[in-house]
Every structure is written in structure tokens, then in C-alpha cells.
Amino acid sequence: MEGYFAAAIIAGTPLLFATLGELITEKAGHLNLGVEGLMMMGAIIGFIVGLRSQNPALAIVGALAAGSIGSALYGFLTVTLRANHVVTGLTLTVFGQGFASFLGQNVMGSVIPASIKQFFAPKPIPLLSDIPFLGPIFFRQDILVYCGYLMVVLVTLYLYKTRLGLNLRAVGENAAAADASGINVTAYRYVHIIIGGALCGLGGAYMSLITVPVWQENVIAGRGWIAVALVIFASWNPIKALIGAFLFGGLNILGFRLQSMGIHISQYLIDMLPYATTIIIVIISTRKNKKEDMAPGDLSNPYFREER
Amino acid sequence: MNFLKITKRDDLPPKKATAIRILSILLSLVFAGLVIAALGYNPITVFASMVKGALGSKIRLQQTVLKAIPLVITSLGILMAFKMKFWNIGGEGQIMMGALAATYVALKMPDLSRPVLLLIMAVAAMVAGGIWAFIPAYFKGKMGTNETIFTLMLNYIAIKFVTYLQYGPWRDPSSQGFPKIPSFSTNAILPSIGGVHIGWIIALLLVALVHIFINHTKKGYEITVVGESVETARYAGMNITSIIITAMFLSGGLCGLTGMIQASAIEKTLTSSLSANYGFTAITTTWLSRLNSIAILFVCCAFAVLLQGGAYIQISMQIPASVADMIQAILLFFVLGSEFFLQYKVNFHTHAKKEAN
């Protein structure tokens with residue numbers, strides 16, 4: 001049982017990074033449906049850099065850079081040129097998939113070098129890992145899982161305890177009002193779209209460096225869309241995003257687990273659950289109509305000062 | 001950025017608009033060409049081969065038309081929703097549910113006469129696609145839930161469900177372990193006219209019908225008004241919930257019809273990859289057509305050339321499909337970016353700044 005929960009954390013960590021990335025992006029008022037593409041870009045660049053340099057840190061930097069560049073392109077089109085968010089995001093996904101699949105054909109089937117595998121091997125945290133039940137699940141993991149926990153704390157503090165975070169929420173909630181109070185809306189949007197993209201890239205690299213340390217076609221396999229769903233599931237709250245990511249990670253591997261226990265439920269039916277749950281959450285949160293559970297007010301609305 | 005002054009254009013002369021569009025497409029071709037060259041191919045040969053592959057012979061032209069048909073019909077469906085500013089990005093799922101219903105009919109009643117069977121399949125597909133769009137529309141109309149996410153999620157539920165059927169209960173027992181759903185009887189397959197299945201006639205008819213519906217009927221007018229301003233519509237005494245639900249049912253119904261056509265004429269069965277991204281591509285084509293049904297016809301044909309050309313260079317030049325995807329995305333990035341210059345005017349005004357100082 002502990003083994004299953006620990007595996008759920010590993011399956012949920014790429015989702016967590018991408019979800020936090022999309023959450024930050026949406027807090028700036030931009031719905032980026034390019035998550036799947038950004039994850040693919042991060043996955044391939046992280047993989048290739050890791051393979052060539054044998055250096056785990058460089059691989060991570062590469063993945064972050066790939067996500068940043070992809071999302072900067074999205075930012076340029078949607079912030080500066082005010083292109084439609086949905087269409088631009090979908091196009092970014094097509095681009096990212098093509099990009100990864102093209103670069104990936106030369107490394108198809110290559111395996112991540114041992115030095116990197118070693119670096120990303122589970123490292124128990126002293127004391128914490130000895131806590132019964134919880135220790136083996138949460139604190140005998142790899143370094144990026146711990147980074148994920150840390151990111152949740154940092155993003156929460158940033159959004160709710162800092163001036164910058166407050167400004168960011170203002171930009172996403174009501175760009176015109178934020179602008180009037182002297183916040184540079186364009187700069188906030190660019191910065192957070194790019195940070196968000198970098199996190200999506202990192203989520204992708206987790207898949208190609210740790211989860212499946214062999215390059216294979218379409219390694220992300222729809223996880224980007226689950227991340228988009230998770231942001232809503234989490235009602236734009238980083239802590240709920242953590243819970244949701246591990247929950248959906250658990251669902252992701254549940255079918256195979258059950259089958260090994262002799263219970264035959266198709267994984268494809270279980271795969272429907274994250275999406276179905278998200279729909280239910282959307283309905284419930286609309287019903288409750290609580291402000292903190294709702295999407296940022298200006299989500300997907302392009303802002304143009306002269307049209308105010 | 002003070003030296004740049006951006007203002008909204010009031011009216012853009014059509015000539016100038018066309019010039020901007022052509023310029024953006026040319027620029028995108030140049031840029032895509034640079035990328036192709038960087039990947040180690042000759043861009044001129046690649047482009048020439050794409051055009052040749054899409055339009056160069058009767059068979060290839062037919063292949064292009066086969067790709068244009070689902071795009072046109074799905075785009076018309078998406079148009080219905082977008083007219084109301086209802087962001088239906090659930091085309092994929094609606095196509096799948098349509099195909100699923102059509103397949104159910106085709107497999108249950110394989111011996112009905114061809115016209116009857118095809119008609120029942122089409123109706124079933126439209127109802128199924130319509131219901132798949134009705135669900136988010138109902139919640140949007142009644143409670144104001146966010147339809148973008150709702151429709152997006154329904155895509156994956158539909159695709160996973162079809163995958164489940166394909167690997168589980170609907171799996172063809174005679175296919176020796178290969179996970180596929182049984183193929184249709186000949187009566188369930190659309191007939192062809194001019195080497196292409198009659199979907200092309202259906203698509204053309206629907207372009208005309210949707211054009212008339214949107215521009216010349218009361219319901220169509222109401223949909224446009226709801227899209228322009230819900231407040232205006234409410235003030236005019238329109239029943240907004242009913243308009244949203246009707247329009248979305250039609251929207252999903254058209255996408256569902258695409259599913260039936262693809263299942264019947266292309267796949268001749270149901271597969272989990274049947275929607276082939278048409279539901280997503282149609283969002284782009286509809287947007288680029290600026291919600292005009294006649295423009296949809298042309299944009300979708302252009303897109304079909306791109307898709308078929310991309311498929312052709314895989315065979316003729318051994319260029320992987322991924323390159324075609326990247327070319328498609330680069331072209332779109334430019335076209336999306338150019339929309340800005342159609343709507344806004346950028347002036348350099350260093351002079352005015354000096355005066356202000």
C-alpha cells in the first residue's frame with residue numbers, strides 16, 4: 001500500500017509542476033492551452049541535454065529554458081499582439097509536439113546515462129523518512145519531488161504573502177484596475193507566462209528523465225491536459241494543486257495496480273475519472289459561487305489600455 | 001514603449017486588409033522556409049512538393065478533399081457556438097460521440113437498406129454529438145459554468161470511453177488479439193461521387209444552410225445578438241438559456257455528423273484516433289475565418305492542402321510528420337500575429353513626445 005502511494009507521488013510530480021506553471025499563468029489572466037506542447041519541449045530538451053552532457057543540472061536548466069522560450073512565444077502573441085488565447089495555445093501544443101517528435105527521432109530508445117539516474121535516485125530525508133507510513137511515501141523520493149513540495153510552499157507564499165503576488169492577482173482579476181494603480185500589466189503578464197512555461201517544461205523533463213528514462217514518442221501522453229484540468233480542480237490554489245496532482249497521479253497508475261491484484265477494471269475507464277472529477281468540481285464551485293474558488297476575473301480577456 | 005502609439009482601427013480598407021494578410025502569409029512562408037533549411041532540407045523543394053502532393057494529380061486532389069470535408073463540417077459546428085461567444089473546444093469529443101452512435105447503429109442493424117441505415121446513422125450521430133455539447137450548454141445557461149474547461153474535459157472522456165470500447169466490450173473477437181472494433185457492412189458506408197464520398201456534397205450544402213441560418217433567420221439573428229451582448233438580448237426579451245442550448249445542440253450535432261462521416265467513409269469502423277485532431281484544427285480554421293461560413297470553406301480547403309501536403313512529403317521526401325506539424329504551427333503563429341495589424345494601427349510618434357516635453 002505504501003508502495004502504491006509512493007508511486008502515486010512519482011506519477012503526480014510532473015502533473016504538479018505543470019499545474020503550478022499553468023496556475024501562475026492563469027493568475028496573470030492568461031489561459032495557456034499549450035501546456036501539453038510545453039511539456040513535450042521540456043521533455044525532449046531535458047532528455048537530449050542530459051544524454052549529451054551527462055549533467056543532471058544542465059538537463060533541468062535546458063528543460064526550464066525550453067519551456068520559457070515556448071511560453072515567451074505564446075506571451076508575445078497573446079500579450080503584445082493580443083491573439084486569441086485558446087487558438088494560440090492549441091497551436092503551441094501542435095508546435096511543441098512536432099518539435100519534440102522531430103528532435104526525438106535521433107534519440108529514440110536511448111537511455112538516460114547512469115550518472116543522471118544516480119542523481120535522481122530516491123534520497124531518504126533523515127528523520128522525516130522514519131515517520132511510520134508517511135515517511136516512506138513522502139520522504140524517500142527523488143530530489144525533484146522535494147523541489148515540488150518546496151515550489152508549492154514558495155508559490156503559496158508568493159501569491160498570498162508578497163506585494164508582487166498581490167499585484168499579480170490584481171492583474172489577473174482586473175487588468176484595468178491594476179493598470180490604474182500603477183502596476184505594469186504587460187510586464188507582469190510576460191514574466192508569469194514565462195515562469196509558468198518554465199515549470200511546464202520541468203514537468204515534461206520529469207517524465208523523460210525520471211518516470212520513463214528512455215526516449216519514446218509522445219512521452220507526455222495527455223498529461224498537459226490533465227494539468228489544465230487540475231488548475232480548475234484546485235480552484236487556483238497551489239496547496240490544493242498538490243493534493244490534486246498526487247490524487248490524479250494515483251488514478252493514473254490505479255488500473256495497472258488493480259489488475260495486478262486480480263481486479264479487472266479497464267485503465268481506460270479509470271483514465272476518465274480525472275476529467276469527470278474536474279467537471280464536477282467546476283459545477284460545484286460555480287454553484288457555491290465563492291470568490292476564492294473562482295477563475296481570475298480577467299482570465300482570457302486581452303487587455304488594451306486604449307479600449308478601457 | 002512610449003514612442004509607439006497603438007490605436008484601434010475604425011475601418012480598414014479591404015484592399016489594405018488583404019495586403020496585410022498576404023504579407024503575413026508570405027512572411028510566415030519565409031520563416032517556415034528558414035526553419036526547414038535549418039533542419040537540413042531545401043525549403044523550395046519542400047514547399048513545391050507539398051503543393052504537388054496536395055493538388056498535383058486527381059488522386060492527390062481527392063485526398064485533399066477528403067481532409068477538407070471533416071474540417072468544413074466541424075468548423076461550421078464550431079461557428080454556431082463561437083457566434084454566441086460560447087467557446088466550444090469540445091469538437092473532438094462531439095466527433096467521437098457522433099462516431100460512437102453511428103457505429104452502434106451500423107453494427108446493430110447492418111442489414112437495413114443503405115439509405116435508411118445511413119440516415120439513421122447520421123441522425124443518431126447528430127443527436128449524440130448534440131447531447132455531448134448540450135451538457136456544458138445546459139450548465140452554462142442555467143448556472144454560468146465555464147464552458148471552455150467543460151467542453152475540453154468532455155473531449156477526453158469521449159476519447160477514453162471509445163478507447164475502452166475498442167480494447168474491451170466492442171473488440172472484434174475475430175481480429176486475433178488486435179484491438180479493433182468490427183468493420184461496417186457495405187450498407188453502412190457512404191457512397192462516392194466523383195471518386196470522393198458524398199461528404200463533400202453534404203459539406204457544401206451545409207455551408208449554404210449555415211450561412212442562410214445565421215444571416216437570414218430569426219434564430220440565427222438571436223444567436224448573433226447573444227454573442228454581441230447578453231444584456232441586449234435579455235433586454236430584447238430573448239430567452240437566452242434556450243438560445244444557448246439550441247445553438248450548442250446544433251453545434252455539437254454538426255460535429256457529431258463529422259464523426260459519422262469519418263466512421264462510415266474513412267475508417268469504416270470506430271477507432272480511438274478517429275477524430276484526428278479535426279475538432280481542435282476546426283477551432284483554428286473557424287477563428288481565422290472570422291466566424292464567416294463562406295470563409296470557412298476557403299480556409300478549410302487551404303488547411304487541407306497543408307495537411308495533405310504534409311502527409312505527402314513524408315512519403316516523397318522521407319520528411320517526418322513532425323516537420324509538417326511545425327510548418328503548420330509556424331504558419332499559424334504568423335497568421336494569428338498578423339490579426340493584430342488588421343485591428344490596430346501602430347504609429348511611431350517621436351515628434352509628439354518631444355512636444356509633450
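Residues numbered from 1 in each chain as written. Chains lettered and ligands numbered in written order. Predicted model: local features only at pLDDT ≥ 70, side-chain atom pairs only at ≥ 80, totals over all residues. Heavy atoms only, no water.

### Overview of the packing of helix α11 (residues 223–233) of chain A against helix α12 (residues 238–260) of chain A
When two helices pack together, you describe them by how their axes are tilted relative to each other and by the distance separating the axes.
Residue and element names in this part refer to chain A.
Line of reasoning, step 1. Put simply, α11 and α12 touch, their axes get as near as 10 Å, and they point 140 degrees apart. One element, α11, and the other, α12, form an angle in the oblique class. Our pair here, α11 against α12, has a crossing hand that is right-handed. Two secondary-structure elements touch here, α11 through Arg-223, Ile-226, Leu-230 and Phe-233 and α12 through Gly-244, Ala-245, Leu-247, Phe-248 and Asn-252.
Line of reasoning, step 2. For the contact of α11 with α12, the residue count by class is six nonpolar, two polar and one charged. (Axes fitted to C-alpha atoms, helices over the stretch in contact; angles between N-to-C directions. Helix = DSSP H or I, 4+ residues; strand = E, 2+ residues; numbered from the N terminus. Parallel < 35°, antiparallel > 145°, perpendicular 65-115°, else oblique. Left-handed = near helix turned anticlockwise from the far one by under 90°. Contact = heavy atoms within 4.5 Å. Nonpolar A, V, L, I, M, F, W, Y, C, P; charged D, E, K, R; others polar.)

### Some remarks on the packing of aromatic side chains
Line of reasoning, step 1. Following the criterion strictly, the structure yields 26 aromatic pairs over all chains and no others.
Line of reasoning, step 2. Here the aromatic rings of Phe-340 of chain B and Phe-341 of chain B are separated by 5.1 Å at their centres, their planes lie at 85 degrees, and the arrangement is edge-to-face.
Line of reasoning, step 3. Taken together, Phe-138, Phe-139, Tyr-146, Tyr-149 and Phe-246 of chain A form an aromatic cluster joined through their ring pairs. (Phe/Tyr/Trp six-rings, centres within 6.5 Å; stacked < 30°, edge-to-face > 60°.)

### Considering the domain arrangement of chain B
Residues and elements named next belong to chain B.
Line of reasoning, step 1. Parsing chain B into structural domains produces domain 1 (1–41 + 319–357) and domain 2 (67–311).
Line of reasoning, step 2. Between the C-alpha centres of domain 1 and domain 2 there is a distance of 32 Å.
Line of reasoning, step 3. Taken together, the 10 residues of domain 1 in the interface contact eight residues of domain 2.
Line of reasoning, step 4. The largest contributions to the domain 1 side of the interface with domain 2 come from Gln-328, Leu-332 and Glu-339, which together make up 49% of the buried area. (Domains from an automatic or database assignment. Buried area = accessible area lost by both parts, 1.4 Å probe.)

### Regarding the nonpolar core
Line of reasoning, step 1. In this structure, Leu-33 of chain A together with Met-121, Leu-152, Met-260 and Ile-283 of chain B are the most contacted members of the largest nonpolar core, which totals 200 residues.
Line of reasoning, step 2. Looking at this core, the element that brings in the most residues is helix α10 (residues 240–267) of chain B, giving 13 residues.
Line of reasoning, step 3. Taken domain by domain, the makeup of this core includes at least three residues from each of domain 1 (1–41 + 319–357) and domain 2 (67–311) of chain B.
Line of reasoning, step 4. Among residues more than four places away in sequence, those in contact with Ile-283 of chain B are Val-86, Val-87 and Leu-90 of chain A together with Ile-78, Phe-82, Asn-88 and Ile-89 of chain B. (Core = buried A, V, L, I, M, F, W, Y, C linked by side-chain atoms within 4.5 Å. Buried < 20%, exposed > 50% of the residue type's maximum accessible area, 1.4 Å probe, protein only.)

### What to know about the interface of chain A and chain B
For an interface, size is often stated in terms of accessible area lost upon the parts coming together.
Line of reasoning, step 1. On the side of chain B, 43 residues touch chain A, which itself brings 42 residues to the contact.
Line of reasoning, step 2. Buried area between chain A and chain B, both sides added, is near 3,900 Å², and the carbon and sulfur share of it is 83%.
Line of reasoning, step 3. Taken as a group, Phe-102, Tyr-268 and Tyr-275 of chain A account for 16% of the area that chain A buries against chain B, more than any other trio of residues on that side.
Line of reasoning, step 4. Linking chain A with chain B are one salt bridge, by the criterion used here.
Line of reasoning, step 5. Between chain A and chain B we count two residue pairs in polar contact (both at pLDDT 80 or more) in total.
Line of reasoning, step 6. Of the residues contributing to the side of chain A that touches chain B, the split by class is 27 nonpolar, 10 polar and five charged. (Salt bridge = Lys/Arg side-chain N within 4 Å of Asp/Glu carboxyl O. Polar contact = N/O pair within 3.5 Å; in protein donor to acceptor, adjacent residues only side chain to side chain.)

### Here we look at the side chain of Gln-308 of chain B
Residue and element names in this part refer to chain B.
Line of reasoning, step 1. As for its placement among the helices and strands, Gln-308 is situated in helix α12 (residues 293–316).
Line of reasoning, step 2. Judged by its relative accessible area of 7%, Gln-308 is buried.
Line of reasoning, step 3. Other than its neighbours up to four places away in sequence, Gln-308 contacts Gly-53, Ala-54, Arg-60, Gln-63, Thr-64 and Lys-67.

### Focus on the pattern of salt bridges
Line of reasoning, step 1. For the coordinates displayed, the defined rule picks out seven salt bridges over all chains.
Line of reasoning, step 2. We note a salt bridge from Arg-140 of chain A to Asp-130 of chain A, for which the minimum N-O separation is 3.9 Å. Placement of Arg-140 of chain A in the loop between α6 (134–138) and α7 (143–161) and of Asp-130 of chain A in the loop between α5 (114–119) and α6 is noted, with a sequence separation of 10 residues between them.
Line of reasoning, step 3. Among the ionic pairs, Glu-222 of chain B bridges to Lys-219 of chain B, the shortest N-O distance being 3.7 Å. In this pair, Glu-222 of chain B and Lys-219 of chain B both sit in helix α8 (residues 218–228), three residues apart, roughly one turn of the helix.
Line of reasoning, step 4. One salt-bridge network, held together by shared partners, links Lys-218, Lys-219 and Glu-222 of chain B.

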